[in-house]
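Coordinate analysis (summary)
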Amino acid sequence: MLSMTVEEKVLYFYTCDGRKKGYTANQIAKHFIVNEKSVQRALKALAEKGELIVVPKTKPLQYRRVT
């Protein structure tokens, strides 16, 4: 788990979570004890790849796993 990249940790977080709830970068950063900015970059990259979707009209932005 220590050698995983932030993107891999974020995907792991979403696969372990069975709920279809959106999460903010802050919530994921607290879970893994990593920098929130690095989680934001990872979430944005995963959204561009099509792995995650942005929940509309949320402030701060929330992301969901594409099912």
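Located above this text is the structure these notes cover.
All of the points below concern the structure found in this document. (Residues numbered from 1 in each chain as written. Predicted model: local features only at pLDDT ≥ 70, side-chain atom pairs only at ≥ 80, totals over all residues. Heavy atoms only, no water.)

A look at the pairing of strand β2 (residues 62-65)
To keep it simple, the criterion reads: Note on pairing: DSSP must find at least two bridges between two strands before they are called paired. By the criteria applied, helices consist of DSSP H or I runs no shorter than four residues and strands consist of E runs no shorter than two, each listed in order from the N terminus.
Where strand β1 (residues 52-55) meets β2, 4 bridges bridge the pair, whose relative direction is antiparallel. Of the residues in β2, the one forming a bridge with Ile 53 is Arg 64. If you look at the hairpin formed by β1 and β2, you'll find 6 residues sitting between the two strands, and Lys 57 has a positive phi there, around 60 degrees.

Things to note about the packing of helix α2 (residues 25-32) against helix α3 (residues 36-49)
This is how the line gets drawn: Axes here refer to lines fitted to C-alpha atoms; in helices the fit is confined to the stretch in contact. Angles between the N-to-C directions go from 0 to 180 degrees. Any angle that is under 35 degrees is reported as roughly parallel, and any over 145 degrees as roughly antiparallel; angles of 65 to 115 degrees are reported as roughly perpendicular and all others as oblique. Crossing handedness: left-handed means the near helix sits turned counterclockwise from the far one by under a right angle, and right-handed means the same turn made clockwise. Contacts are assigned to residue pairs that have any heavy atoms within 4.5 Å of one another.
In the contact formed by α2 and α3, the axes pass within 9 Å of each other and the chain directions differ by 120 degrees. Regarding the angle of α2 to α3, the classification is oblique. Between α2 and α3 lies a crossing of right-handed hand. From α2, Ala 25, Asn 26, Ile 28 and Ala 29 reach across to α3, where they touch Glu 36, Val 39, Gln 40 and Leu 43.

Let's talk about α3
For clarity, the cut-off: The span one expects for a helix is its residue count, reduced by one, times 1.5 Å. To sort residues, take the accessible area from a 1.4 Å probe on protein chains only and compare it with the maximum for the residue type: under 20% means buried, over 50% means exposed, and anything in between is partly exposed. The arc in question is traced by the directions running from the helix axis to the C-beta atoms. A 3.5 Å cut-off defines polar contacts: any pair of N or O atoms within that distance qualifies, except that in protein one atom must be a possible hydrogen donor and the other a possible acceptor, and neighbouring residues in sequence count only when both atoms are side-chain atoms.
Taking 1.5 Å as the rise per residue, α3 with 14 residues should run 20 Å; its terminal C-alpha atoms sit 20 Å apart, in good agreement. Taken as a whole, α3 has its buried residues at Ser 38, Val 39, Ala 42, Leu 43 and Leu 46. Buried residues along α3 cover an arc of 135 degrees about the axis, so they all sit on one side. The exposed residues of α3 that point more than 90 degrees off its buried face are Lys 37, Arg 41, Lys 44 and Glu 48. Residues of α3 that are buried make contact with α1 (6-16), α2, β1 and β2. Measuring from the side-chain oxygen of the N-cap residue of α3 to the backbone nitrogen of Lys 37 gives 3.1 Å; that N-cap residue is Asn 35. Gly 50 sits one or two positions beyond α3 and adopts a positive phi of about 95 degrees.

Looking at the side chain of Thr 24
As for its position among the elements, Thr 24 is in the loop between α1 and α2. Not counting the four nearest positions on each side in its chain, Thr 24 is found in contact with Pro 60, Leu 61 and Gln 62.

Thoughts on the environment of Leu 61
Checked against the element boundaries, Leu 61 lands in the loop between β1 and β2. Once residues within four sequence positions are removed from consideration, Leu 61 is found in contact with Tyr 23, Thr 24 and Val 54.

Considerations on the packing of aromatic side chains
Basically, it comes down to this: Pairing of aromatic side chains here covers Phe, Tyr and the six-membered ring of Trp, requires ring centres within 6.5 Å, and sorts the geometry by plane angle: under 30 degrees stacked, over 60 edge-to-face, intermediate tilted.
As enumerated under the stated definition, the model contains 4 aromatic pairs in all. With centroids separated by 6.2 Å and ring planes inclined at 70 degrees, the aromatic side chains of Phe 13 and Phe 32 adopt a geometry described as edge-to-face. Taken together, the positions of Phe 13 in helix α1 and Phe 32 in helix α2 put the pair 19 residues apart, joining distant regions of the chain. Seen in terms of ring centroids, Tyr 14 and Tyr 23 are 5.9 Å apart; in terms of plane orientation they differ by 70 degrees. Their pairing is edge-to-face. For Tyr 23, a relative accessible area of 5% corresponds to the buried category. Connected via pairs of aromatic rings, a cluster forms that spans Phe 13, Tyr 14, Tyr 23 and Phe 32.

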